[in-house]
Amino acid sequence: MGLLTIGAFAKASRLSPKALRLYDELGLLTPARVDPVTGYRHYAPEQVDQARLVAWLRRLGMPLALIRHVRTLEADAAAREVRAFWARVEADTAARRDLAAFLVDHLSRKDPAMSSTDPSLGIRYAARSDTGRVRGSNQDTAHAGSRLLAVADGYGSRGALASMVAVDALKPLEAEDLPTDDLLNLLHDAVERAEHAVHGVAGAAPEDAGTTLTAMLWTGSRLALVHIGDSRIHLLRDGELFQITHDHTVVQTMVDEGRLDPEEAAAHPQRSVLARALGRGADATPDLRLHDARRGDRYLLCSDGLSTVVSAEEVRRVLSEVDEPERAVRELIALANGAGGPDNVSCVVADVVDLPRPEPRR
């Protein structure tokens, strides 16, 4: 069979002539021959399968630049790229689903200014940070107050200062009377202030300096959550332990894309390389959402100095068995140090409890 005209090839490949001309201009699907006089494009019959693959990938929503790369791969490698792309789409969809649920809840209220806070609930809390057994200094910052819970894990020559200024940028929110319906916007603005403060610290450093930032802002029955990096938030509810943040690391991204198994990720040499952080040249896009709290919930915020050396089951045991937050944070840090203490370790434990009722007037 000879070469196909662009019309015949469009019919065979299920791509329009307009799309074929665009893909030729982009170097995505080059014709077998272009008439030097008329400029008419002609395609080889064996290019039909390539064109159909391009059509399928476009229907999948894959960007043209990635399609160009996938077309150069053998079948198995191309399949892995498609799997990885779809894993990213599903992760993005899940994040947008959470945001959509929040917006539906927010917009469905009869009174948009109505607060969902429960004045009978409060938190009892404790925070502690430790240098560990290996590091010469502590670059973590841990903070717990009646409204704000935060952990930041600094890195670089000025990591300690970076983590401190990041948390300090959130502290003004503790003193404000915050409307529930505007919490995420206010928290986003505070993160931008934190990013600016960290850049000010890192700008004078001889090497990159930055920090993770993971925090919760208490409103009475809701917690506004902000998360950037690989510090974590866990929730102990009804005896079960849940991780409610998602690590922003290169290795976790590889797990999400199906390139690594979770077991392989735990021992990967790059498991601490951040995909997002507050710092010079870093992606500082935060995860932001509202979390409904219940009486009896226990929250743990921790740096990776705990999570990389202490198992989730050991964390669950301590949080379940140790009643006082202060003693719980001490025991968790002791476990990390008992496992070698290779990194700074910070923990914040907060319990959702009934507030004491005021004494009646006599």
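Scroll up for the structure.
The following refers to the structure shown. In this text, all values refer to a predicted model and were calculated from it rather than measured experimentally. All chains use their own residue numbering, which begins from 1 and follows the written sequence. Side-chain atom pairs in this predicted model are given and counted only at pLDDT of 80 or more, local residue features only at pLDDT of at least 70, and totals for whole chains, interfaces and linings cover all residues. The basis for every side-chain value is the complete set of non-hydrogen atoms in the structure, without hydrogens or water.

Every case where a carboxyl oxygen of Asp or Glu lies within 4 Å of a side-chain nitrogen of Lys or Arg is listed as a salt bridge. Summed over all chains, the structure comprises 17 salt bridges. Here R41 ties to D24 by a salt bridge, and the two come within 2.7 Å at their closest N and O atoms. With R41 in strand 3 (residues 41-43) and D24 in helix 2 (residues 17-25), this residue pair connects regions lying 17 residues apart in the sequence. Taken together, the salt bridges that share partners define one network made up of R124, R298, D323, E324 and D351. Only DSSP runs of H or I reaching four residues or more are called helices, and only runs of E reaching two or more are called strands; each is numbered from the N terminus.

With that settled, the discussion passes to the packing of aromatic side chains. The criterion for an aromatic pair is that two Phe, Tyr or Trp rings (for Trp, the six-membered ring) have centres within 6.5 Å, with stacked assigned to planes under 30 degrees apart, edge-to-face to planes over 60 apart and tilted to the rest. According to the stated counting rule, one finds 1 aromatic pair in the structure shown. Ring plane angle 5° and centroid distance 4.2 Å describe the contact between F9 and Y43, whose orientation is recorded as stacked. One end of the pair, F9, is in helix 1 (residues 6-13); the other, Y43, is in strand 3, with 34 residues separating them in the sequence. You can call F9 buried: its relative accessible area is 0%. Type-normalised accessible area, obtained with a 1.4 Å probe on protein chains alone, sets the label of each residue: buried when under 20%, exposed when over 50%, and partly exposed for intermediate values.

Okay, the nonpolar core next. Counting residues in each nonpolar core, the largest one holds 28 residues, and the members touching the most others are L170, L213, L217 and L278. Counting residues per element, the ones that place at least two in this core are strand 6 (148-155), helix 6 (159-170), helix 7 (183-202), strand 8 (213-218) and strand 9 (222-228). In what follows, a contact means two residues having at least one pair of non-hydrogen atoms within 4.5 Å. In this structure, L217 is in contact with R147, L148, L173, L178, L183, R222, L223 and A224, ignoring residues within four places of it in sequence. Here, nonpolar core refers to any group of buried Ala, Val, Leu, Ile, Met, Phe, Trp, Tyr and Cys residues whose side-chain atoms link them within 4.5 Å. Counting 22 residues, the second largest nonpolar core, distinct from the first, contains I6, L20, Y43 and V48.

Below, the discussion takes up helix 2. Here helix 2 has its buried residues at A19, L20, Y23 and D24. Projected down its long axis, helix 2 shows its buried positions confined to an angular sector of 140°, all on one face. Pointing more than 90 degrees away from the buried face of helix 2 are the exposed residues K18 and E25. Tucked into the core, helix 2 has its buried residues touching helix 1, strand 3, helix 3 (48-59) and helix 4 (64-70). Just past helix 2, the residue G27 takes up positive phi, approximately 75°. Within this analysis, the arc is defined by the directions that extend from the helix axis to the C-beta atoms.

Moving on, we get to the packing of helix 1 against helix 3. Relative orientation of the contacting elements helix 1 and helix 3 amounts to 60°, with a least axis distance of 9 Å. Comparing the axis directions of helix 1 and helix 3 gives the class oblique. Note on packing geometry: the crossing formed by helix 1 with helix 3 is right-handed. Counting all contacts with helix 1, which are made through F9, A12 and S13, the residues of helix 3 involved are V48, A51, R52 and A55. Its residues assigned to classes, the contact of helix 1 with helix 3 comprises 5 nonpolar, 1 polar and 1 charged. For helices, the axis comes from a line fit to the C-alpha atoms of the stretch in contact; other axes are also lines fit to C-alpha atoms, and the angle between any two N-to-C directions lies between 0 and 180 degrees. Roughly parallel means an angle under 35 degrees; roughly antiparallel means over 145; roughly perpendicular covers 65 to 115; every other angle is labelled oblique. Handedness of a crossing follows from how the near helix is turned relative to the far one, being left-handed for an anticlockwise turn of less than a right angle and right-handed for a clockwise one. Amino acid classes used here: Ala, Val, Leu, Ile, Met, Phe, Trp, Tyr, Cys and Pro are nonpolar; Asp, Glu, Lys and Arg are charged; the rest, including Gly, are polar.

The subject of this paragraph is the packing of helix 1 against helix 2. Each pair of packed helices can be summarised by the angle the axes make with each other and by the distance between the axes. Following both chains from N to C, one finds helix 1 and helix 2 inclined at 100°, their axes separated by 9 Å at the closest point. It follows that helix 1 is roughly perpendicular to helix 2 by the angle criterion. In contact with I6, F9 and A10 of helix 1, helix 2 contributes P17, L20 and R21. Class assignment for the residues of the contact of helix 1 with helix 2 results in 5 nonpolar, no polar and 1 charged.

Within a sheet, adjacent strands bond to each other through the backbone by hydrogen bonds, running parallel or antiparallel. Any two strands with at least two DSSP bridges between them are considered paired. The strand order across the open sheet formed by 5 strands is 4-15-14-10-11, and the pairing between neighbours is antiparallel. Among the strands making up the open sheet, the edge pair consists of strand 4 (121-130) and strand 11 (240-243). Strand-to-strand, the axes of this sheet are offset by a mean angle of 20°, without reference to chain direction. Where strand 14 (residues 298-302) and strand 15 (residues 345-354) come together, 5 bridges link them in antiparallel fashion. Residue R298 lies in a different strand from strand 15, and its bridge partner there is D351.

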